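What the coordinates show
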Amino acid sequence: MESWLFLGIILLVAVLGKNQSLIIAAAVVLILKLFPFSNKLFPIINAKGINWGVTIISIAILIPIATGRIGFKDLFNAFKSPVGFIAVACGILVAVWSSKGVGLLAQSPEITVALVFGTIMGVVFLKGIAAGPVIASGITYTILTVFNLLPGK
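Computed from a predicted model, the values in this text were never measured in an experiment.

1. Looking at the packing of aromatic side chains
All chains considered together, the criterion is met by three aromatic pairs. Considering the side-chain rings of Phe79 and Phe85, the 5.5 Å spacing of their centres and the 70° angle between planes classify their relative orientation as edge-to-face. Note on Phe85: relative accessible area 47%, which makes it partly exposed.

The following block contains the structure:
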């Protein structure tokens, strides 16, 4: 019963915050929860969902290359300014942080609750986007490593 209430509150907050992505996500999970096979489906989505999401995001990112809007000239031009170098460095940093974050989530799933709550707050109240949990977990991993606070150590 608690999970229904928690998801309902998330849906309500998403509606009040007018965040379509979170509304759809909460509604889909609530609808799936109605079906008897959800106990078999949820672990699959939980294990593979981030990879599916990253794949969809990657497809969206590659579309401008496929349509010809971005080409090699644009790539080479990116390296002609400090902004381009910073963007490449940040891309590398986020990729590394995200990989560490996924490992942290696997090692300490209880952190997921805080990350999800923080992501929901950022999405609803600060107009962020829900791509944050993996990146947030990577940043959390880095901070915990710096302060030698990693769980299990």
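Structure's up, so let's keep going.
2. Section: a nonpolar patch on the surface
Taken together, the side chains of Phe72, Leu75, Phe76, Phe79, Phe85, Val88, Ile92 and Val96 present a nonpolar region at the surface, about 810 Å² in accessible area. If one sorts the elements of the nonpolar patch by residue count, helix α5 (residues 82–107) sits on top with four residues. Considering the arrangement of structural elements, one finds Phe76 in helix α4 (residues 72–78).

3. Section: α5
If you check α5, its first and last C-alpha atoms are 37 Å apart, about what 26 residues at 1.5 Å a residue would give, namely 38 Å. Of all the positions in α5, only Gly84, Ser98, Gly101, Leu104 and Leu105 are classed as buried.

4. Section: the packing of helix α1 (residues 2–16) against helix α2 (residues 20–34)
Where α1 contacts α2, the axes come no closer than 8 Å and their chain directions differ by 155°. The pairing of α1 with α2 is recorded here as roughly antiparallel in orientation. For the element pair α1 and α2, the recorded crossing hand is left-handed. Of the residues in α2, those in contact with Ser3, Trp4, Leu7, Gly8, Ile10, Leu11, Ala14 and Val15 of α1 are Leu22, Ile23, Ala26, Ala27, Val29, Leu30, Lys33 and Leu34.

5. Some points on the environment of Ser99
With respect to the helices and strands, Ser99 occurs in helix α5. Taking C-alpha positions, Ser99 is 9.8 Å from Tyr141, a pair spaced 42 residues apart along the chain.

6. Focus: the confidence of the model for the protein
The pLDDT averaged across the protein works out to 83; a share of 95% of its residues lies at or above 70. Of all the helices and strands in the protein, helix α7 (residues 132–146) carries the lowest mean pLDDT, 74, while α2 carries the highest, 91.

7. With respect to α1
Its 15 residues place the ends of α1 21 Å apart at the C-alpha level, agreeing with the 21 Å of an ideal helix rising 1.5 Å per residue. Residues of α1 that are buried: Leu7, Ile10 and Ala14. All buried residues of α1 lie within an arc of 55° about the axis, which places them on one face of the element. When the buried face of α1 is taken as reference, the exposed residues oriented beyond 90 degrees from it are Glu2, Leu5 and Leu16.

About the thresholds
Residues numbered from 1 in each chain as written. Predicted model: local features only at pLDDT ≥ 70, side-chain atom pairs only at ≥ 80, totals over all residues. Heavy atoms only, no water. Phe/Tyr/Trp six-rings, centres within 6.5 Å; stacked < 30°, edge-to-face > 60°. Buried < 20%, exposed > 50% of the residue type's maximum accessible area, 1.4 Å probe, protein only. Patch = residues over 30% accessible without salt bridge, like charges linked within 9 Å, V, L, I, M, F, W, Y side chains within 5 Å. Areas by Shrake-Rupley, 256 points an atom, 1.4 Å probe, with all protein chains shown as cover. Salt bridge = Lys/Arg side-chain N within 4 Å of Asp/Glu carboxyl O. Helix = DSSP H or I, 4+ residues; strand = E, 2+ residues; numbered from the N terminus. Expected span 1.5 Å × (residues − 1). Axes fitted to C-alpha atoms, helices over the stretch in contact; angles between N-to-C directions. Parallel < 35°, antiparallel > 145°, perpendicular 65-115°, else oblique. Left-handed = near helix turned anticlockwise from the far one by under 90°. Contact = heavy atoms within 4.5 Å. pLDDT = per-residue confidence, 0-100. Arc of directions from axis to C-beta.

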